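Residue-level listing of the chains:
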Amino acid sequence: MQFRKAVPLGAVLTSLVALSTVANIGAPLVDASSHREAPMISQDPVADATDLYAFVSPDAPDTVTFIANYYPMQDPAGFPNFYRFGDDVTYRINIDNNGDAIEDILYQWNFKTEIVNPNSFLYQSGPIDSLDSPNLNVRQTYTLSEGRGGVLTEIASGLMTPPVNIGPKSTPDYEKLADAAIFDVGDGMKVFAGQRDDPFWVDLGAIGDLLTIRQIPGNAGGGVDDLAGLNVESLVLQVPIDQLTRDGQVPAAADADNAVIGVWTTALRNSTKVLSPGASSSSGPLVQVSRLGMPLVNEVVAPLAAKDLFNASHPGDDAQFLGAVTDPEIAKLLNLLYGDALVKVPESDRQDLVTVFLTGVPGLNQPANVTPSEMLRLNVAIPPSATVNPLGVIGGDNAGFPNGRRLEDEVVDVELRVAAGFLLGEEFQNGVNGQLGDGVDTNDVPFLSAFPYVATPHQGFEHVHHSPTGATSTASADAAATPEPRSLSITLDELNDSGMSGNATLTEVPDGTKVEIMLDGATGGHPVHIHNGNCAVLGEVAAALTDIDADGKSETTVPLTIDQLTSGQYAINAHMSADDITTYIACGNITG
């Protein structure tokens, strides 16, 4: 492993700015968050940025952590050619610390793969118990560099990525391998690069079906996390705050001139690739092929003609797209698809969206004399919250999105509500507009409390995809014979003179618990959920159940065991209808 070596960056930065200028074809402002967001990059997944995060580190608040994820939709069972970063891709995290939409600092990753035994088809020849295990046949290392003032300085080289999480025989202690791939590279910086769980959650299937919300308004579960059980490649970097600000000082307060930084990630390839039998080579200047700042907008808003152009563009050119932000297509779609269910969403002159996506919010994360441009903006002087509210700023938590982005932030729900007018006043906050969401409320696995924060990647041998309400479940490969299923009965008492009461039967099944409801007096279309808390004080939805039909019946399997349901406080609560969700008709506490 080698550290710190400076080489001229030359005209790379200025040439990229020149290359990035695109013609204004009247396209909406877009950003390249996420998964398969543009035609060209969808055919180049190793260079496709999926999500970007920037936050003041909760366990090291004198630092900022950046996470740039690439290579979407990785099925953990990737045998025989498991996933890795592209050796022919240059990956960057770019930082603007004075609001002029030009990167003042960049961090760069370049990878190199070695095949130890090219005569074997195997990724591994036995259990991998260390990064230098002789059983690891495919090894990837990388060089981390920093760009400042026209000079690219090599920070460290020969850094190892961990192997992928194959299974109990090949990677029996995967967390140990991942921990060994965390490197302190000097000046208070830490870095990790390797496969992790995809930390984004979203009901892609429903959003892709004409912005469908499976259970309106979308804040009570019922969604399907299409990214559950899938992995990505993560670049994670932790940097002291005083190395990121314009003057090299820690801001004295949140309103200090040096408190706000802008962040985006890019992937670049050489302009020419030559294929030959069994080989390829690349040459020529670097060309930007992927760009990501704020989440989600590219898939939902940008027309096909603009998506690839944006991926090659630079934030300094974003002013040309201002009209598409102030007159957003998504507002028109919400009005068209949901009509009277919403307070009519303003379709023009949306200056509220300009502040969120282009300039930062005044008094929160807007730099002085800012050049309008799309990127994540983080006020590094706002400390981490003791208790995270996943709705971030609109939930009263100024340490969250859109002030940077934490792993826990519920960006789908936040962006839907903001698009529906949340920032325009109480009439948009108190009604359905302020409750919109996709019905998926959290990641499928818990995040880590320490660097690199992103959860352990799903194992190839044992994993589950496409689970409702954002949860996954697994069954042990060497489980003992299944015992007689446990079951218990819950009485559902009438509420609010509804004339409806009954019972719920909970039965243990391999994937969790089957919940069967029989409600006398039901007329059909009654939403029903398992809530945290009890019938006297209901909390957040833990699991959505199938609506109770006109025969009073509902049957759902939830990814929670009976032990889990009886060890905490949970209740089954039924509602009058999706339109009258606040009227409760029957409820029963789950007790063992």
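Sequence order as written defines residue numbering, which begins from 1 separately in each chain. Only residues with pLDDT of at least 70 are given local features in this predicted model, and only at 80 or more are side-chain atom pairs given and counted; all residues enter the totals for whole chains, interfaces and linings. Note that the side-chain values use all heavy atoms of the structure and ignore hydrogens as well as water.

Caption draft 1: How the structure looks around unusual backbone geometry. At the junction of F79 and P80, the peptide bond is cis and its omega measures out at 0° in the coordinates. Put simply, F451 and P452 share a cis peptide bond, and its omega is 10°. Summarising the element assignment, P452 is placed in the loop between α11 (426–430) and β15 (467–468). Here the phi dihedral of L210 falls at roughly 55°; this positive angle occurs in a residue that is not glycine. By definition, any uninterrupted DSSP run of H or I lasting at least four residues is a helix, any uninterrupted run of E lasting at least two residues is a strand, and each is numbered from the N terminus. Looking at the element boundaries, L210 is found in the loop between α4 (204–207) and β10 (224–225).

Caption draft 2: Structural detail: helix α10 (residues 411–419). Think of it in three bands: with a 1.4 Å probe and only protein chains considered, a residue is buried below 20% of the maximum accessible area for its type, exposed above 50%, and partly exposed in between. Where burial is concerned, most of α10 is hidden: nine out of the nine residues are buried. Those residues of α10 that sit buried are V411, V412, D413, V414, E415, L416, R417, V418 and A419. G421 sits one or two positions beyond α10 and adopts a positive phi of about 105°.

Caption draft 3: Structural view of the pairing of strand β18 (residues 512–520). At least two DSSP bridges between two strands are required for those strands to pair. Bridge count for strand β17 (residues 501–509) against β18 is nine bridges, and the pairing is antiparallel. By the bridge assignment, S501 is partnered in β18 with D520. What sits between β17 and β18 in their antiparallel hairpin is a turn of two residues. Across six bridges, β18 lies against strand β21 (residues 553–558) in antiparallel orientation. Along β21, the bridge assignment pairs I517 with S554.

Caption draft 4: The packing of aromatic side chains, seen in detail. The criterion for an aromatic pair is that two Phe, Tyr or Trp rings (for Trp, the six-membered ring) have centres within 6.5 Å, with stacked assigned to planes under 30 degrees apart, edge-to-face to planes over 60 apart and tilted to the rest. Under the criterion given, the structure shown has 11 aromatic pairs. Where F451 meets Y453, the ring centres are 6.2 Å apart and the plane angle is 80°; that geometry is what we call edge-to-face. Judged on exposure class, the residue F451 and its partner Y453 are both buried. Three or more aromatic residues joined by ring pairs make a cluster, and in this case those are Y70, F85, Y91, F111 and Y142.

Caption draft 5: Quick look at the environment of T63. Mapping T63 onto the fold places it in strand β3 (residues 63–74). Judged by its relative accessible area of 5%, T63 is buried. When the C-alpha atoms of T63 and V380 are compared, they prove to be 8.5 Å apart, with 317 residues separating the residues in sequence. Setting aside anything within four residues of it in sequence, one finds T63 in contact with F55, V56, S57, Q238, V239, P240 and I241. Identification of polar contacts relies on pairs of N or O atoms within 3.5 Å, with a donor-acceptor requirement for protein atoms, meaning one able to donate a hydrogen and the other able to accept it, and with residues adjacent in sequence counted only if both atoms are side-chain atoms. A polar contact is formed between the side chain of T63 and the backbone oxygen of A60, at a distance of 2.7 Å. Residues are treated as being in contact if the distance between any of their heavy atoms lies within 4.5 Å.

Caption draft 6: Inspection of the packing of helix α9 (residues 351–359) against α10 at higher detail. Two elements in contact, α9 and α10, have axes separated by 10 Å at closest approach and are oriented at 150°. The angle between the axes of α9 and α10 places the two elements in the roughly antiparallel class. Across the interface between the two elements, D352, L353, V356 and F357 from α9 touch E415, V418 and A419 from α10. Residue type decides the class: Asp, Glu, Lys and Arg count as charged, Ala, Val, Leu, Ile, Met, Phe, Trp, Tyr, Cys and Pro as nonpolar, and the leftover types, Gly among them, as polar. Classifying every residue of the contact of α9 with α10 by side-chain character gives five nonpolar, no polar and two charged. Each axis is a line fitted through C-alpha atoms, taken for helices only over the stretch in contact, and angles between the N-to-C directions span 0 to 180 degrees. Just so you know how the angles are binned, under 35 degrees is roughly parallel, over 145 roughly antiparallel, 65 to 115 roughly perpendicular, and the rest oblique.

Caption draft 7: Inspection of the side chain of E146 at higher detail. With respect to the helices and strands, the residue E146 is situated in strand β6 (residues 138–148). A polar contact of 3.1 Å, which involves the side chain of E146, links it to the side chain of Y107.

Caption draft 8: Geometry of the nonpolar core. Ranked by size, the top nonpolar core spans 97 residues in total, and within it F66, Y91, Y107, W109, V185, V191 and L235 carry the most contacts. Sequence-distant contacts of F66, that is, excluding residues within four places in its chain, are made with Y53, A54, I93, I95, L235, V236, L237, V239, L244, I261 and V263. The term nonpolar core refers to a set of buried residues drawn from Ala, Val, Leu, Ile, Met, Phe, Trp, Tyr and Cys, joined through side-chain atoms within 4.5 Å. Residues L492, I548, V558 and Y570 belong to the second largest nonpolar core, which totals 25 residues.

Caption draft 9: Examining the pattern of salt bridges more closely. Counted as salt bridges are all cases of a side-chain nitrogen of Lys or Arg within 4 Å of a carboxyl oxygen of Asp or Glu. What the rule picks out here adds up to 13 salt bridges. Between R405 and D51 there is a salt bridge, with its nearest N and O atoms 2.9 Å apart. Here R405 is found in the loop between β14 (376–379) and α10, whereas its partner D51 is found in strand β2 (residues 49–56), with 354 residues between them in sequence. According to the relative accessible area criterion, R405 is buried, its value standing at 2%. Note that R214 and D203 form a salt bridge whose closest N and O atoms lie 2.4 Å from each other. Of this pair, R214 sits in the loop between α4 and β10 while D203 is found in the loop between β9 (189–197) and α4, placing the two residues 11 residues apart along the sequence. Overall, R214 belongs to the partly exposed group, its relative accessible area being 44%. The class of D203 is buried, set by a relative accessible area of 1%.

Caption draft 10: Structural view of the sheet that holds strand β23 (residues 584–590). With respect to topology, eight strands assemble into an open sheet ordered β20-β19-β22-β23-β16-β17-β18-β21, the strand pairing being antiparallel. In this open sheet, the two strands that pair with only one neighbour each are β20 (538–548) and β21. Sheet twist, expressed as the mean angle between neighbouring strand axes with direction ignored, is 20°. Across six bridges, strand β19 (residues 526–533) lies against β20 in antiparallel orientation. Within β20, the position partnered with G533 by the bridge is L538.

Caption draft 11: Structural view of the state of the cysteines. The disulfide criterion used throughout: a pair of cysteine sulfur atoms within 2.5 Å. Using the criterion set out here, one finds one disulfide in the structure. Residue pairing for C535: its cysteine sulfur links by disulfide to C587, the two sulfurs lying 2.1 Å apart. With the S-S bond torsion at -90°, the cross-link from C535 to C587 turns out left-handed. Taken together, the positions of C535 in the loop between β19 and β20 and C587 in strand β23 put the pair 52 residues apart, joining distant regions of the chain. Residue class for C535 comes out partly exposed when judged on its relative accessible area of 27%.

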